[in-house]
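# Structure assessment
For reference, the chains in residue letters:
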Amino acid sequence: MSTKPTEAPSKKKNQPAPPDLVKAVGKLLDVAMKAQAPSQLQAMTRDKLFEMLVLTRMLRAFRRLVPGGRVVHQPPGGGSASVITVACKPALADKNRFSYFQLIDSTGVVIGETWTSVEFESLSWTQAGGAAGKAPRRARHELDVCILKPGADARPPFHQVLAGVSCKDVRTATKENVREALGLRRETAYLNRPARSAIPWLIPLVPAHPASPIFLASSDLDVRKYESPVDALGVYVRFVRRPWEAES
Amino acid sequence: MEINNFKPEDIEQALHVIYERATTYDGPLFREFMQLAQLAAPRSSDEDKNGEVETDAVETEPETRQQFEEALSFLMVLAFPAHKGTEKAVLVELNEVVNSDAPIKSLQMLVGDRRVKLSSHLGRRPTLARSELQSSLLAFLPRSTEVDL
């Protein structure tokens, strides 16, 4: 009877070789370096998709954190409920043209309306004595994703914003994105003692009046280092991971 | 394989490769690769990200891993920009949270008065080989964060 040669103790049969990290990273670089710059429409589409991902994560948080809460898609007037229609650039919260999502609590009360790409009238416009609904373009800013008070104006003033999100899908200059979010913070509320948040189910207290949290949501992991100290001003920095595993 | 199973020098070497190649890139995504080079740049041995003096080699290991995670995360998005599969994945997540009898099937944007389906301007899913490459490296990225937003 023959005997099998003794195998080295560390070898196991039928086990795939562990991936060579450096080689795999090299291959990944090869792929990235062949990538073409996107066309304007492609870039716009990718940005929109990231905004929809961020919006979805916001809705998911609502469902998870509000017992009995419901989310209902409202298509634009006469539209199909199975198609979501969004603006490609800053727009009005126009229920005849764009989709939005109602946030409904356990008693059936609508407590917020979630939109993408809405322009709001800035705090500085109000501070300067500007008439509501008359803000020129220079006094309006875009929120990529936002929650508005139910029944808010199509171009809402800052105090009808319950929460706002600036979405950045892997951008250069992360610090500039943080500064932009701080600018949105300045134009949506006054700094104040921490008060009950406009969306307490997500952020309990916000140091602002109105107490609307402003988020910076980025697909760049590096953004996490900026979480503090801007949260002391009511700006909340979040890394939003792509659903890689579900994409294939 | 989890990142913890690799020796620190493997991760350092991978970072070095990213840095070297990103700094020599000369193509249409120049600004993005400059950002990548910044993420992967060697950090001063006497300063950590908080500006405090760091001299213990063992203590710098988690920071090297974190730096690698950040650079790799950025590189992954450069290599695999959003595609049709990404839209499908977003729709799956959306349908899990929206209360509706009819599932949401597509996303479109209004460009002027023209309705443009997002899928018509998204690339195809990666090839099988590229999907496998992507999967092998996902293990080195953080899993879903605990906070939804």
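Because the structure is predicted, anything quoted here is derived from the model rather than measured.

Packing of helix α2 (residues 40–65) of chain A against helix α4 (residues 84–97) of chain B leaves a shortest axis separation of 9 Å and a crossing angle of 25 degrees. As the angle between them shows, α2(A) and α4(B) are arranged roughly parallel. Handedness of the α2(A)/α4(B) crossing: left-handed. Within the contact between the two elements, α2(A) uses Leu49(A), Met52(A), Leu53(A), Leu55(A), Thr56(A), Arg57(A), Leu59(A), Arg60(A) and Arg63(A) and α4(B) uses Thr86(B), Glu87(B), Val90(B), Glu93(B), Leu94(B), Glu96(B) and Val97(B). A class-by-class count of the residues in the contact of α2(A) with α4(B) yields 8 nonpolar, 2 polar and 6 charged.

With that out of the way, let us pick up α4(B). In this model, α4(B) (14 residues) spans 21 Å end to end at C-alpha, consistent with the 20 Å of a helix rising 1.5 Å per residue. Where α4(B) is buried, its residues meet α2, β1 (70–74), β2 (83–87), β3 (100–104) and α6 (244–247) of chain A together with β1 (106–111) of chain B.

In this section: the pattern of salt bridges. Inspection of the entire model under this criterion finds 14 salt bridges over all chains. Between Arg97(A) and Asp113(B) there is a salt bridge; the shortest N-O distance is 3.3 Å. In this pair, Arg97(A) sits in the loop between β2 and β3 while Asp113(B) sits in the loop between β1 and β2 (114–117), so the two residues belong to two different chains. According to the relative accessible area criterion, Asp113(B) is exposed, its value standing at 71%.

Our next topic: unusual backbone geometry. All names here are of chain A. Pro210 follows His209 through a cis peptide bond whose omega is -5 degrees. In this model, Ser228 is joined to Pro229 through a cis peptide bond whose omega is 10 degrees. Within the chain, Ser117 stands out as a residue other than glycine whose phi angle is a positive 55 degrees. Tracing the sequence through the fold places Ser117 in strand β4 (residues 110–121). Using a relative accessible area of 0% as the deciding quantity, one classes Ser117 as buried.

About the criteria used
- Residues numbered from 1 in each chain as written.
- Chains lettered and ligands numbered in written order.
- Predicted model: local features only at pLDDT ≥ 70, side-chain atom pairs only at ≥ 80, totals over all residues.
- Heavy atoms only, no water.
- Axes fitted to C-alpha atoms, helices over the stretch in contact; angles between N-to-C directions.
- Helix = DSSP H or I, 4+ residues; strand = E, 2+ residues; numbered from the N terminus.
- Parallel < 35°, antiparallel > 145°, perpendicular 65-115°, else oblique.
- Left-handed = near helix turned anticlockwise from the far one by under 90°.
- Contact = heavy atoms within 4.5 Å.
- Nonpolar A, V, L, I, M, F, W, Y, C, P; charged D, E, K, R; others polar.
- Expected span 1.5 Å × (residues − 1).
- Salt bridge = Lys/Arg side-chain N within 4 Å of Asp/Glu carboxyl O.
- Buried < 20%, exposed > 50% of the residue type's maximum accessible area, 1.4 Å probe, protein only.

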